[in-house]
Amino acid sequence: MKQFILTTFALSISMMAYTQKNEQSELIDRYVKEVMTINQIPGLAIGIIKDDQVIFQQYYGKETLENDKKVDSNSMFRIYSTSKLMSNIGAFQLIEKGQLSLEDNISKYIENLPKEWQEVKVKNLLTHSSGIPNLIAFNDISIDDSNTKVIERLAKEKMDFKTGNQFSYNQTNYFLLTMIIEKITGQSFENFIMNNQFSDSKNQVVFSSNALEKIPNRVIKYNYNPGKKQYEKSTDVSGTRAHSANGVAITLPAFLKWSIHLSKNDLLDQKTKEMMWQPFDFGNKKDIFSYGWDITKVNDIPSYNFSGGNVSAYKIYPQNNMAIVMMSNGYSLFPIQYRIINHIAAMIDKTLTDDYSSAEETIISEFSKKNNPNAEKIYYSIKAKNPKWNFENTLNDIGYILLRNARIDEAIKIFSLNAKETPQSANAFDSLGEAYFYAKNYILALENYKKSLVLNPENTNAAKMIQKIEDLTKKK
């Protein structure tokens with residue numbers, strides 16, 4: 001009888017756990033669908049790992065807008081700059097083997113560098129603190145130019161800042177990192193990454209920084225054109241040298257496998273991961289970034305993450321033994337990759353709940369809905385409960401997103417709300433002036449630009465716009 005009772009109790013506990021997990025999955029599924037609807041996301045894949053097990057893996061929408069092919073486990077999403085995470089792991093695999101050091105000067109591996117680059121170290125590439133000019137800023141650099149030619153061209157430019165002083169996101173850093181990896185290994189960058197990180201899923205990963213290249217099962221990325229109110233296919237082509245920076249296209253199952261390998265120390269040992277996730281000591285003592293990873297904290301719990309193209313993101317929570325992958329192929333309003341991940345993380349683990357971020361997400365979601373009469377009421381109810389919370393930047397961002405999407409009347413309401421909430425903010429009145437200018441209401445545009453200039457006499461934009469409006473009204 002005792003054994004029967006124990007067995008029944010164990011089954012009851014198991015059934016409860018199953019029911020809770022099922023309810024949790026349904027809540028996540030409902031949330032993702034709502035976000036997709038608000039942001040008109042064509043296709044999306046979400047995966048969650050907890051305690052080295054996949055606990056959620058779902059596919060939504062379509063791979064392309066040209067046919068009805070659904071997103072599924074074979075869909076390869078291009079993850080853009082999230083590709084840098086694989087490049088970071090590759091570099092630290094070489095560091096772990098003693099073949100590379102963070103303190104190595106890059107001139108140890110790359111010949112004929114400009115004098116100003118000689119003291120740049122590997123650590124400066126990974127932390128975007130090199131100060132080397134960003135190659136994508138120069139239109140005369142062709143995707144077909146040789147590495148030597150690219151370096152020669154960049155050598156004509158001054159350094160952006162003193163090496164190590166600050167964070168400045170820069171694609172040249174990963175172009176140089178690719179050259180170093182290939183020099184050390186004697187392999188192509190692509191082969192090195194595939195052999196050392198994706199040996200069990202090679203048919204589910206491809207490298208291509210060419211949006212026009214036809215690749216079976218690769219999902220097409222779309223950019224929303226607010227003027228035409230429709231999606232357009234991405235046409236970005238950045239060549240093979242960009243593979244380490246933005247070239248990975250991957251299925252969700254392959255990404256989840258990679259994440260489990262990372263968590264279980266199959267790719268790097270624990271000490272190496274901890275070194276990789278250490279904050280870099282920037283000279284300005286302000287910027288926060290580790291060796292290739294963003295660092296975020298919720299309730300003093302750290303997570304390490306990166307995103308790409310505003311359509312993909314990966315975040316790992318080592319203390320919680322959890323990781324979340326999000327991949328999509330477009331959005332019409334707000335970049336939502338981290339909002340989705342952060343929201344889901346809190347649904348899975350309550351210790352990761354950030355009340356301010358949750359409130360901010362609610363405000364963004366409500367104002368994103370077209371002509372939503374409840375949006376302002378919900379905003380004020382949140383503020384009533386938390387009067388010290390400041391949403392000035394959030395409201396400003398919402399206003400500009402709506403403005404860019406030709407929702408001018410709604411944008412004016414948002415900017416007006418922000419000016420009312422922050423009456424000492426020159427920026428709030430400047431933005432409101434801009435919205436009225438878009439609406440061709442020059443009287444109110446002028447009034448708000450003048451208020452902005454009174455609050456901040458150094459606001460050169462307001463001064464220029466006042467002159468512009470006065471010139472326009474004189475002509476009339």
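This text follows the structure it describes.
What you are looking at is a predicted structure, and each value in this text was computed from that prediction instead of being measured. (Residues numbered from 1 in each chain as written. Predicted model: local features only at pLDDT ≥ 70, side-chain atom pairs only at ≥ 80, totals over all residues. Heavy atoms only, no water.)

Concerning the pairing of strand β1 (residues 43-50)
Thought 1: Most of β1 is tucked away: 7 of the 8 residues are buried.
Thought 2: Both β1 and strand β2 (residues 53-61) contribute to a ladder of 8 bridges, which runs antiparallel. Considered in β2, the bridge of Gly43 is made with Gly61.
Thought 3: With 7 bridges connecting them, β1 and strand β11 (residues 322-328) associate as antiparallel partners. Note that in β11 the partner of Ala45 across the bridge is Met327. (Buried < 20%, exposed > 50% of the residue type's maximum accessible area, 1.4 Å probe, protein only. Helix = DSSP H or I, 4+ residues; strand = E, 2+ residues; numbered from the N terminus. Pairing = 2+ DSSP bridges.)

Quick word on the sheet that holds strand β8 (residues 294-298)
Thought 1: Strand order across the open sheet formed by 6 strands is β2-β1-β11-β10-β9-β8, with antiparallel pairing between neighbours. In this open sheet, the two edge strands, each paired with only one partner strand, are β2 and β8. The mean angle between the axes of side-by-side strands here comes to 15°, regardless of whether they run parallel or antiparallel.
Thought 2: With 6 bridges connecting them, strand β10 (residues 312-317) and β11 associate as antiparallel partners. Bridged to Ala313 within β11 is Met326. (Axes fitted to C-alpha atoms, helices over the stretch in contact; angles between N-to-C directions.)

Focus: the side chain of Arg78
Thought 1: Relative to the assigned elements, Arg78 resides in strand β3 (residues 77-78).
Thought 2: Within polar-contact distance, the side chain of Arg78 engages the side chain of Asp236 at 2.9 Å.
Thought 3: Once residues lying within four places of it in the same chain are set aside, the contact partners of Arg78 are Ser208, Ser209, Asn210, Ala211, Arg218, Asp236, Ser238, Asn246, Val248, Ala249 and Val311. (Polar contact = N/O pair within 3.5 Å; in protein donor to acceptor, adjacent residues only side chain to side chain. Contact = heavy atoms within 4.5 Å.)

Overview of the environment of Phe207
Thought 1: With respect to the helices and strands, Phe207 occurs in strand β4 (residues 205-207).
Thought 2: On the basis of relative accessibility, which here comes to 16%, the residue Phe207 falls in the buried class.
Thought 3: Each C-alpha atom of the pair Phe207 and Lys286 lies 35 Å from the other, and the pair is 79 residues apart in sequence.
Thought 4: Beyond its immediate chain neighbours, meaning those up to four positions away, Phe207 contacts Phe189, Glu190, Ile193, Met194, His243, Gly247 and Val248.

Brief notes about the nonpolar core
Thought 1: Among the nonpolar cores identified, the biggest contains 73 residues, and Leu176, Trp258, Trp293 and Tyr314 are the most heavily contacted of them.
Thought 2: Apart from residues no more than four positions distant in its own chain, Leu176 is found in contact with Ile106, Ile110, Trp117, Leu125, Ile132 and Ile151.
Thought 3: One finds Met36, Ala435, Phe437 and Ile466 within the second-largest nonpolar core, a separate group that totals 61 residues. (Core = buried A, V, L, I, M, F, W, Y, C linked by side-chain atoms within 4.5 Å.)

Examining the packing of aromatic side chains
Thought 1: Overall, the coordinates contain 23 aromatic pairs when judged by the stated rule.
Thought 2: Taken together, a centroid distance of 5.9 Å and an interplanar angle of 80° make the contact between Phe189 and Phe207 edge-to-face. With Phe189 in helix α6 (residues 189-197) and Phe207 in strand β4, the pair connects residues that are 18 residues apart, well separated along the chain. With respect to burial, Phe189 and Phe207 carry one shared label: buried.
Thought 3: A connected cluster of aromatic rings, assembled from ring pairs, spans Phe92, Phe167, Tyr169, Phe280, Phe282, Phe289, Tyr291 and Phe306. (Phe/Tyr/Trp six-rings, centres within 6.5 Å; stacked < 30°, edge-to-face > 60°.)

Let's talk about the pattern of salt bridges
Thought 1: Scanning the entire structure with this criterion turns up 17 salt bridges.
Thought 2: Salt-bridge contacts for Lys50 lead to Asp51; the nearest nitrogen and oxygen are separated by 3.7 Å.
Thought 3: With a relative accessible area of 21%, Lys50 lands in the partly exposed category.
Thought 4: With a shortest N-O distance of 3.1 Å, Lys123 and Glu103 are connected by a salt bridge. (Salt bridge = Lys/Arg side-chain N within 4 Å of Asp/Glu carboxyl O.)

So, the packing of helix α13 (residues 392-404) against helix α15 (residues 426-438)
Thought 1: Direction vectors running N to C along α13 and α15 enclose 15°, while the axes themselves pass 11 Å from each other. Judged by the angle between their axes, α13 and α15 are roughly parallel. When you trace α13 past α15, the crossing you get is left-handed. Side by side, α13 and α15 meet where Glu392, Asn396, Tyr400 and Leu403 of the first sit next to Asn427, Ala428, Ser431, Glu434, Ala435 and Tyr438 of the second.
Thought 2: A per-class count over the contact of α13 with α15 returns 5 nonpolar, 3 polar and 2 charged. (Parallel < 35°, antiparallel > 145°, perpendicular 65-115°, else oblique. Left-handed = near helix turned anticlockwise from the far one by under 90°. Nonpolar A, V, L, I, M, F, W, Y, C, P; charged D, E, K, R; others polar.)

A look at the sheet that holds β3
Thought 1: Spatially, β3-β7-β4 is the arrangement adopted by the 3 strands of the open sheet, whose pairing is antiparallel. In this open sheet, the two edge strands, each paired with only one partner strand, are β3 and β4.
Thought 2: Bridge count between β4 and strand β7 (residues 248-250): 3 bridges; the pairing is antiparallel. Paired with Val206 across the strands is Ala249, a residue of β7.

A look at helix α10 (residues 337-348)
An α-helical segment advances 3.6 residues per turn. Residues three or four places apart therefore align on the same side.
Thought 1: The terminal C-alpha atoms of α10, which comprises 12 residues, lie 17 Å apart, in line with the 16 Å expected from a rise of 1.5 Å per residue.
Thought 2: Judged by how many residues are buried, α10 sits mostly within the fold: 9 of 12 residues are covered.
Thought 3: For α10, every residue scored as buried is listed here: Gln337, Arg339, Ile340, Ile341, Ile344, Ala345, Ala346, Met347 and Ile348. (Expected span 1.5 Å × (residues − 1).)

A few points about the environment of Lys464
Thought 1: Turning to its location among the elements, Lys464 is positioned in helix α17 (residues 460-475).
Thought 2: By relative accessible area, Lys464 is classed as exposed at 61%.
Thought 3: Between the C-alpha atoms of Lys464 and Tyr449, which are 15 residues apart in sequence, the distance is 9.5 Å.

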